[in-house]
Amino acid sequence: MTILQERTESGLPHPEPARHEPAHHAARPSGFYEWVTSTDHKVIGKNYMYTSLVVFIAAGIMALIIRAQLVQPNNTLVTFQQYNELFTMHGSLMLYLFAGPFAFGGFANILVPLQIGAPDMAFPRLNALSYWLYLSGVLIMCGGFLTVGGAADFGWVSYAPLSGSLYSPGTGADMWIIAIVLTGFSAIFTGVNLLTTIFYLRAPGMTMFRVPLFTWTMLITGLLILLAFPVLGAAMIMLFADRHFGAHIFTVAGGGVPVLWQNLFWFWGHPEVYILALPFFGMVSEILPVFSKKPIFGYKGMIFATIAIAALSTSVWAHHMFTTGVVLLPFFSLMSYMIAVPTGIKFFNWIGTMWRGQLSFTVPMLFAIGFLLCFLSGGLSGILLASPPIDFAVHDTYFVVAHFHQVLVATVVFAGFGGFYFWYPKFTGRMLRSGLGKAHFWMLFVGFWLTYIPMYALGLDGMPRREATYAAGRGWTMLNEISSAGAVLMGLSFVFWLINLWISWRNPVAAGNDPWDGQSLEWYTTSPPPPHNYYKLPPIRSERPVWDMKHPEHLKVHQPEIHVPAGVASPGPGAASAISMPDAGGSRGSNSESGEGG
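Definitions and limits used
Residues numbered from 1 in each chain as written. Predicted model: local features only at pLDDT ≥ 70, side-chain atom pairs only at ≥ 80, totals over all residues. Heavy atoms only, no water. Helix = DSSP H or I, 4+ residues; strand = E, 2+ residues; numbered from the N terminus. Buried < 20%, exposed > 50% of the residue type's maximum accessible area, 1.4 Å probe, protein only. Contact = heavy atoms within 4.5 Å. Areas by Shrake-Rupley, 256 points an atom, 1.4 Å probe, with all protein chains shown as cover. Salt bridge = Lys/Arg side-chain N within 4 Å of Asp/Glu carboxyl O. Core = buried A, V, L, I, M, F, W, Y, C linked by side-chain atoms within 4.5 Å. Domains from an automatic or database assignment. Patch = residues over 30% accessible without salt bridge, like charges linked within 9 Å, V, L, I, M, F, W, Y side chains within 5 Å. Expected span 1.5 Å × (residues − 1). Bend = angle between axes of the 7 residues up to and from the residue. pLDDT = per-residue confidence, 0-100. Phe/Tyr/Trp six-rings, centres within 6.5 Å; stacked < 30°, edge-to-face > 60°. Lys NZ or Arg CZ within 6 Å of the ring centre and 35° of its normal. Polar contact = N/O pair within 3.5 Å; in protein donor to acceptor, adjacent residues only side chain to side chain. Axes fitted to C-alpha atoms, helices over the stretch in contact; angles between N-to-C directions. Left-handed = near helix turned anticlockwise from the far one by under 90°. Nonpolar A, V, L, I, M, F, W, Y, C, P; charged D, E, K, R; others polar.

Peer 1: With reference to specific residues and values, describe the overall build of the protein chain.
Peer 2: Each helix and strand counted, the protein chain has 17 helices and 2 strands in total. Within the protein chain, the proportion of its 598 residues that are buried is 57%. Long-range pairs, those at least 24 residues apart, make up 82% of the contacts in the protein chain with a sequence separation of at least 6. Element-wise, carbon and sulfur atoms account for 69% of the exposed surface of the protein chain, whose accessible area totals about 23,000 Å².

Peer 1: Talk me through the pattern of salt bridges; I want residue IDs and the actual numbers.
Peer 2: Inspection of every chain in the model, using the stated rule, returns 7 salt bridges. The residue Lys-550 makes a salt bridge to Asp-517 at a minimum N-O spacing of 2.4 Å. Linking Lys-550 in helix α17 (residues 545–550) with Asp-517 in the loop between α16 (477–506) and β1 (536–537), this pair joins segments that are 33 residues apart in sequence. According to the relative accessible area criterion, Lys-550 is partly exposed, its value standing at 24%. Connected through salt bridges with shared partners, the residues Lys-293, Asp-514, Asp-517 and Lys-550 form a single ionic network.

Peer 1: Please give an account of the nonpolar core that cites residues and values.
Peer 2: If you look at the biggest cluster of nonpolar residues, it comprises 174 residues, and the most contacted ones within it are Phe-107, Trp-176, Trp-350, Phe-371 and Phe-414. Among the elements that take part in this core, helix α4 (residues 80–116) stands out by supplying 21 residues, more than any other. Lining this core are residues from two domains, each supplying at least three of them: domain 1 (38–506) and domain 2 (535–593).

Peer 1: Residues and numbers for a nonpolar patch on the surface, please.
Peer 2: A contiguous nonpolar surface patch, about 400 Å² in accessible area, is contributed by Ile-57, Ile-61, Ile-65, Leu-77 and Leu-498. Sort the elements by how many residues they give to the nonpolar patch and helix α3 (residues 41–70) lands first, with 3 residues. By the element assignment, Ile-61 lies in helix α3. Residue Ile-61 is classed as partly exposed on the basis of its relative accessible area of 47%.

Peer 1: Could you give an account of helix α7 (residues 213–245), with specific residues and numbers?
Peer 2: Between its first and last C-alpha atoms α7 spans 47 Å; for 33 residues at 1.5 Å apiece the expected length is 48 Å, and the two agree. Along its length, α7 shows its largest kink, about 30 degrees, at Ile-225. The first or second residue beyond α7 is Gly-246, which carries a positive phi of 60 degrees.

Peer 1: Quick rundown of the confidence of the model for the protein chain? Include the residues and the values.
Peer 2: Parts of the prediction with low pLDDT should not have their coordinates interpreted in detail. The predicted model of the protein chain averages 88 in pLDDT, with 87% of residues at 70 or higher. Below pLDDT 50 for its whole length, residues 1–26 participates in 47 contacts with residues either more than four positions away or in separate chains. Low confidence marks residues 566–598, where pLDDT is under 50. Its contacts with residues over four positions away, or in another chain, come to 100 contacts.

Peer 1: Any details on the packing of aromatic side chains? Residues and values, ideally.
Peer 2: Scanning all chains against the criterion turns up 68 aromatic pairs. Aromatic pair Phe-154 and Trp-176: ring centres 5.2 Å apart, planes at 85 degrees, arrangement edge-to-face. Taken together, the positions of Phe-154 in the loop between α5 (124–143) and α6 (171–200) and Trp-176 in helix α6 put the pair 22 residues apart, joining distant regions of the chain. Looking at Phe-154, the relative accessible area reads 4%, which means it is buried. Between the aromatic rings of Phe-240 and Phe-245, the centroid separation amounts to 6.3 Å while the plane-to-plane angle is 65 degrees, which identifies the pairing as edge-to-face. Directly above the aromatic system of Phe-209 lies the positively charged group of Lys-300, at a separation of 4.9 Å from the ring centroid. The ring of Trp-547 has Arg-544 sitting right over it, with the charged end atom 3.9 Å from the ring centre.

Peer 1: So what about the side chain of Thr-190? Which residues, and what values?
Peer 2: For Thr-190, the position within the fold is in helix α6. Thr-190 sits in the buried class, given a relative accessible area of 1%. Engagement of the side chain of Thr-190 in a polar contact is seen with the backbone oxygen of Ser-186, the distance being 2.9 Å. Setting aside residues up to four positions removed in sequence, Thr-190 forms contacts with Tyr-48, Phe-104 and Ser-130.

Peer 1: Help me get a handle on the packing of α4 against helix α14 (residues 398–428), residues and values and all.
Peer 2: Contact geometry for α4 and α14: axes closest at 11 Å, N-to-C directions at 35 degrees. Between α4 and α14 lies a crossing whose hand is left-handed. Facing Tyr-83, His-90, Leu-95, Phe-98, Ala-99, Phe-102, Phe-107, Ile-110, Leu-111 and Gln-115 of α4, the residues of α14 in contact are Tyr-398, Phe-404, His-405, Leu-408, Val-412, Gly-416, Gly-419, Phe-420, Trp-423 and Phe-427. Grouping the constituent residues of the contact of α4 with α14 by class yields 15 nonpolar, 5 polar and no charged.

Structure, rendered in structure tokens:
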């Protein structure tokens, strides 16, 4: 049992975390005014996280209504129009407004400057603008439900000509397009900010091959954002011009080509899959070493595998278009198989990290292991879909729904909430309760398999996707009942998460600066971090500077800490890695407590 758990269960008070705070602070806004005006990357990151989690809950409720509609044949819980709106908005909220902003808006905003020793993002005001564009997109897209014709109902892929004005008239569809454009600009601005911050604001000694893997994945994600999102924005503008100005870009009647939409959309869409996945790969790559008490296995191999995934992701978009008959099947099938290779390298490295490690099955570790198991299943079914003959047979069935959800739920939900439990103490200075976290994990894990494994069987038996009901006597009822029961179990698991947040807020347990015995730089500063993140920095001689500091017996040369006055940016990466300054002594930003709240 850890010291922190012993103190929690015995009722003893927790020691106050050591802080690097100066004697005086400048007055800072607080409350609502801070939320509206702040350019602090940590405040903006939390705003992204809170907003995206509200979107997640709303989209999850929509998913439960969809599963309730499909639990019995010929069900009439919702009309066909309402069903189309629900699955369109469920997919749109999850993919456009939750998964990406949760990662590169929330986690990356808070963690990247902390992990590289920077005082803030490179462009703080642009960072704030990015959030407000994102929030505007959320409100506009959801506002479609309040219009006379209802929300967009053409699916989250918005295939032309179905998304044109002839088949999808109404304001809700236009609001959906505007929301995508706004959030696309938000993502582009965030990508520019991430790249500039990582390249130019690293602390002395933080060379590129000492940057933590989460920050590396965000660097690659930023590059993919700048490559993919302008294409999506251009496609949306073309679609809007088709709907309102008679441009006839995607309509045959005016000389347009409908399949052009699929090429544009999926040229964004397949890099987007890895824009969503790579940040969560980075989270798992940070969690596993800490709870295995080992460095990451094959650090540079993980970096090059990430680069390979990003490069190959730009050449596989047309595997979504096998059934159109207008793409070169052998090439895109081969590329789809090849992208599995660097992903497999990551799996071997994650397993190698745990191999013979001193494993601690904390809540973040359970979510990380759950990610490995769940993502593996979805990835293997993706290899099947890379074969054109198999794809022809199951393309419009629930087999694809199962594959797609397994891959995304494994990354965004399992890895994402693993990261949430892992860094929550750093964000807030408080611990979440271990028992409630484990109940959340096990219910989610069991519900995951109950929900999606029956969908594979339904797809192989021919049940079509995107349909609001099915006829009795097809033999699909029991599998749909199991799938819907699993979805309910997944939904209920998040009740434990919400209760955990409530208890943490009402009855806080102090986390200390380094409750997990962390390795990367963010665990050196206080929890939560001060306004400019660091008042002093440890010497950085590897990708694990905090571990190096706690284990000086492994170091040959001692270097003093680097003092960073409040409000002064850290020296750039070109500065000398050893700066001659007196050692401040005192607390080094990590305490001896380790473990989870009781």
